[in-house]
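Read off the chains here:
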Amino acid sequence: MARKVSGVSFSEAKARSTAWAVTFGDMVTLLLTFFILVIVIMNEAEKHLDQIVNMLLNETYKELSTELESDNVQVDRVTKGVKITMASGQLFSSGDAELRREVLPVLNQITTFIKNSRIVSIREDPEFKQFLDAIERSKQKLNIEIRTEGHTDNLPLPKELTSKWKSNWELSTARALNVVELLSEFSELSEDKFSAMGYGEFRPVGKNDTPEGRARNRRVEIYLDAFVTMEEVITVSPFPAP
């Protein structure tokens, strides 16, 4: 016979004392299901935002390739956005980082098309107001990046240039920087959209054992890219810096 505690059997008292665990378990399961559902919804919403960005980049690629592509300018749609490639020989004298004056109109034309593209001028387009509002509501931001990358072949710099440039790496960086500064000046867009990088001979697109391959490797690439990221949250420490 089961022992009784204050008129209630021991087994009944034990059952009552653990009944809360069933309710608690159900609540945890529901909360877990809820959070999983929120994550799925957020991921789907994020995919939707990325799809719109990619649609605009595809549209920009079609426009730029139609308007700009020539023997001297190549336009490609790549993972990093829209890529515009120009041969270094067209832009610079050998071993120099100063842009040729005759190429300035071409760079001005490239800048004009980039500036007027819907992805760059999206904030002035009422069609995308809901899209921008959705980004803001999700505590994210739309980043627009216009980046130049300089590349050279693998031939060592002539001795007369080693006092000016320590390496092909330095020369390619100076060329990329001069191009991006000009794009920034022509476009009058905020400078935080622009960046420049130099890779020297370390990212070839052709073989460096032939004159044709080396000529392909001497190039400047201009990238137009857009992507959505979470806004940075700046926290202020209550403790003074040491």
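Our subject is the structure that appears above.
So, a few notes on the structure that sits alongside this text. As the structure is a computational prediction, the values presented were derived from the model and not from experiment.

Cut-off values and rules
Residues numbered from 1 in each chain as written. Predicted model: local features only at pLDDT ≥ 70, side-chain atom pairs only at ≥ 80, totals over all residues. Heavy atoms only, no water. Buried < 20%, exposed > 50% of the residue type's maximum accessible area, 1.4 Å probe, protein only. Helix = DSSP H or I, 4+ residues; strand = E, 2+ residues; numbered from the N terminus. Pairing = 2+ DSSP bridges. Axes fitted to C-alpha atoms, helices over the stretch in contact; angles between N-to-C directions. Contact = heavy atoms within 4.5 Å. Core = buried A, V, L, I, M, F, W, Y, C linked by side-chain atoms within 4.5 Å. 1 Å grid on protein atoms, 1.4 Å probe; cavity = no way out; pocket = protein on both sides within 12 Å on 5 of 7 lines; lining within 4 Å. Points joined across faces, edges and corners; volume = space filled by probe spheres on them. Nonpolar A, V, L, I, M, F, W, Y, C, P; charged D, E, K, R; others polar.

### Let's talk about the pairing of strand 7 (residues 219-230)
Okay, step 1: Counting buried residues along strand 7, 9 of its 12 residues qualify, which places the element largely inside the surrounding structure.
Okay, step 2: The pairing of strand 4 (residues 81-87) with strand 7 spans 6 bridges and is classified as antiparallel. Note on strand 7: the bridge partner recorded for lysine 83 is tyrosine 223.
Okay, step 3: Two elements, strand 5 (residues 140-151) and strand 7, share 12 bridges in a ladder whose sense is antiparallel. Bridge assignment links glutamate 149 to a residue of strand 7, and that residue is glutamate 221.

### A short note on the sheet that holds strand 5
Okay, step 1: Spatially, 5 strands are ordered 3-4-7-5-6 in an open sheet, and the strand pairing comes out mixed. Either end of the sheet is taken by a strand with one partner, and the two such strands are strand 3 (73-78) and strand 6 (194-198). Averaged over all neighbouring strand pairs, the angle between strand axes comes to 25 degrees, with direction disregarded.
Okay, step 2: With respect to the sheet, helix 4 (residues 104-116) is in contact with strand 3, strand 4, strand 5 and strand 7, its orientation differing from that of strand 4 by roughly 175 degrees.

### Some points on the nonpolar core
Okay, step 1: Counting 40 residues, the largest nonpolar core has Ile84, Leu107, Phe131 and Leu142 as the members making the most contacts within it.
Okay, step 2: Elements that contribute at least two residues to this core include exactly helix 2 (19-68), strand 3, strand 4, helix 4, helix 5 (129-137), strand 5, helix 6 (168-187) and strand 7.
Okay, step 3: Not counting the four nearest positions on each side in its chain, leucine 107 is found in contact with Met86, Leu91, Leu99, Leu182, Leu183, Phe186 and Ile222.
Okay, step 4: By size, the runner-up hydrophobic cluster in this structure holds 6 residues, among which are Leu161, Trp165, Leu171 and Ala174.

### Description of the pairing of strand 3
Okay, step 1: Two strands pair when backbone bridges link them, and strand 3 and strand 4 are joined in this way by 6 bridges, in the antiparallel orientation. Bridging from a neighbouring strand, aspartate 76 pairs with lysine 83 of strand 4.
Okay, step 2: Linking strand 3 to strand 4, which pair antiparallel, is a turn of 2 residues.

### Quick look at the environment of leucine 155
Okay, step 1: Note on placement: leucine 155 falls in the loop between strand 5 and helix 6.
Okay, step 2: For the pair leucine 155 and aspartate 209, spaced 54 residues apart in the sequence, the C-alpha separation amounts to 9.9 Å.
Okay, step 3: Residues within four places of leucine 155 in sequence aside, it is in contact with Asn168 and Arg214.

### Some thoughts on empty space enclosed by the protein
Okay, step 1: Scanning all chains against the criterion turns up 1 cavity of 30 Å³ or more.
Okay, step 2: Of the volumes computed, that of the largest cavity is approximately 30 Å³.
Okay, step 3: When contributions to the lining of the largest cavity are tallied by element, the ones reaching two or more residues are helix 4 and helix 6.
Okay, step 4: At 3 residues, the largest contribution of residues to the lining of the largest cavity is made by helix 4.
Okay, step 5: Its residues placed into classes, the lining of the largest cavity shows 5 nonpolar, 2 polar and 1 charged.

### Digging into unusual backbone geometry
Okay, step 1: Of note, the phi angle at lysine 139 is positive, near 60 degrees, even though the residue is not glycine.
Okay, step 2: Within the secondary structure, lysine 139 is located in the loop between helix 5 and strand 5.
Okay, step 3: What makes lysine 139 exposed here is its relative accessible area of 56%.
Okay, step 4: One non-glycine residue, glutamate 188, lies in positive phi territory at about 60 degrees.
Okay, step 5: Of note, glutamate 188 is situated in the loop between helix 6 and strand 6.
Okay, step 6: Assessed through its relative accessible area of 68%, glutamate 188 is described here as exposed.

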